[in-house]
Amino acid sequence: GNHTLLTDFVLSGLSSRPELQDLLFFTVCLFYSMTLIGNLLICMVTVHPTLHMPMYFFLRVLSFLDISTASVIVPKMLVNLLSEDRSISYTGCVTQLYCVVFLAATEWYLLAAMAYDRYVAVCSPLRYAAIMNTRVCLSLVLLSCCSGHVVSVVQTAWVFALSFCGPRRINYFFCDIPPLIMLSCTDTSLYEKQIISATVLVIFAPFCLILLSYACIISSILKISSAEGRHKTFSTCSSHLTVVTLYCASGTLIYLQPKSSNSQDTKKILALIYTTVIPTLNPLIYSLRNKEVKEVLIRVM
């Protein structure tokens, strides 16, 4: 088809207003720097001998995924904010889409694994070490990565099987599914149903498992007689629930209706929050609400 003749795309970026480019550059650069520094600190802190627990192992993997997600998107976005040439090669667009979907899907499955870890820790504390051993933790991470890979390969193949015979300008700041299918000149109704199914599989299925885990956790917390014990347990779990809520709210609004009449500028803002702001908040949420992490972080600093 005509899509095979394309050699590149053009990314419109965050805004077409020239007077905002410098402000956007410094703002995004600040968030990217905070993402790198914060998540690298989490990676360094969680290898400390006192934090050799499954929860901190999963947190370290989550920080690595956050760094990777931001690094796949932000450097190219920063270059485009300072350059008049905003093109991205066809191969580069395919690669970026695959990486974005793979990292996002893997992160969702990892969040579900982290919820299961908290469920075992609260509901079966005496068997926690036996259930969540090293082999199980590595298997959960590997399963998350394999599931993310399968989802990403299918989604990327579906998108680039479409015919792009219209303009090559992508009204977005990176190659993502909703703006790409808007460039297709063929009927995408079947694909829109498929992407909704994928959204349910990647976001809502893990989210339901997370909610189920926390329903059991809350039930167990209410049985704790000590008020201090209830507060400590709830504080540990609420950090993870906060991150899940942020991801679910922004991700659902972006992908549930990929070719809707909603404002594209609104989707850009949501995508910026999902890919840039939330990875910056994760280290703050987990470190400021976790006494053990704060103590080790102070010693490391």
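For the structure itself, look to the data block above.
A quick note: this is a predicted structure, and the numbers were derived from the prediction, not measured. Within each chain, residues carry numbers counting from 1 in the order of the written sequence. Residues qualify for local features only when their pLDDT is at least 70, as the model is predicted, and side-chain atom pairs are given and counted only at 80 or more; totals for whole chains, interfaces and linings, by contrast, use all residues. The side-chain figures draw on all heavy atoms in the structure; neither hydrogens nor water molecules are used.

I'd love a proper account of the sheet that holds strand β1 (residues 8-11), names of residues and values included.
By this definition, two strands are paired if DSSP reports at least two bridges between them. To qualify as a helix, a DSSP run of H or I must reach at least 4 residues; to qualify as a strand, a run of E must reach at least 2; elements of each kind are numbered from the N terminus. If you walk across this open sheet you meet the three strands as β2-β1-β3, and the pairing is mixed. Two strands close off the open sheet at either side, each with one partner strand: β2 (87-89) and β3 (169-170). The pairing of β1 with β2 spans three bridges and is classified as antiparallel. In the strand pairing of β2, Val 10 is matched with Ser 87.

Quick rundown of empty space enclosed by the protein? Include the residues and the values.
Cavity: a set of points on a 1 Å grid over the protein atoms alone where a 1.4 Å probe fits but cannot get out. Pocket: an open set with protein on both sides within 12 Å along at least five of seven lines, its lining residues, like those of a cavity, having an atom within 4 Å of a point. Grid points are joined across faces, edges and corners, and a volume is the space filled by probe spheres set on the points. Inspection of the entire model under this criterion finds four cavities of 30 Å³ or more. Of the volumes computed, that of the largest cavity is approximately 200 Å³. In terms of lining, the largest cavity is formed by 17 residues, of which the most central are Val 101, Ala 104, Ile 177, Val 202 and Tyr 255. Three classes are used, and their members are as follows: Ala, Val, Leu, Ile, Met, Phe, Trp, Tyr, Cys and Pro are nonpolar, Asp, Glu, Lys and Arg are charged, and the others, Gly among them, are polar. The class makeup of the residues in the lining of the largest cavity is 13 nonpolar, three polar and one charged.

Talk me through the nonpolar core; I want residue IDs and the actual numbers.
Buried Ala, Val, Leu, Ile, Met, Phe, Trp, Tyr and Cys residues form a nonpolar core when they are joined through side-chain atoms within 4.5 Å. Residue exposure (1.4 Å probe, protein chains only): buried if accessible area is under 20% of the type maximum, exposed if over 50%, otherwise partly exposed. Counting residues in hydrophobic clusters, the biggest one holds 85 residues, and the most contacted among them are Phe 9, Trp 108, Leu 111, Val 159, Phe 160, Ile 170 and Leu 180. Take this core: its biggest share by element is 20 residues, from helix α3 (residues 90-123). Here, two residues are considered to be in contact whenever any of their heavy atoms come within 4.5 Å of each other. Sequence-distant contacts of Phe 9, defined by excluding residues within four places in its chain, comprise Arg 86, Ser 87, Ile 88, Tyr 90, Cys 93, Phe 160, Phe 164, Arg 168, Ile 170, Leu 180 and Leu 183.

Before we move on, can you summarise the packing of aromatic side chains with the specific residues and values?
Two rings from Phe, Tyr or Trp (for Trp, the six-membered ring) form a pair when their centres sit within 6.5 Å of each other. Planes less than 30 degrees apart are called stacked, planes more than 60 degrees apart edge-to-face, and all others tilted. Summed over the entire model, instances satisfying the criterion amount to nine aromatic pairs. Ring centres of Phe 9 and Tyr 90 lie 5.9 Å apart, and the angle between their planes is 20°; this geometry places the pair in the stacked category. Within this pair, whereas Phe 9 is found in strand β1, its partner Tyr 90 is found in helix α3, the two being separated by 81 residues in sequence. Since its relative accessible area comes to 0%, Phe 9 is described here as buried. Here the aromatic rings of Tyr 98 and Phe 102 are separated by 5.9 Å at their centres, their planes lie at 5°, and the arrangement is stacked. Of this pair, Tyr 98 and Phe 102 both sit in helix α3, four residues apart, roughly one helical turn.

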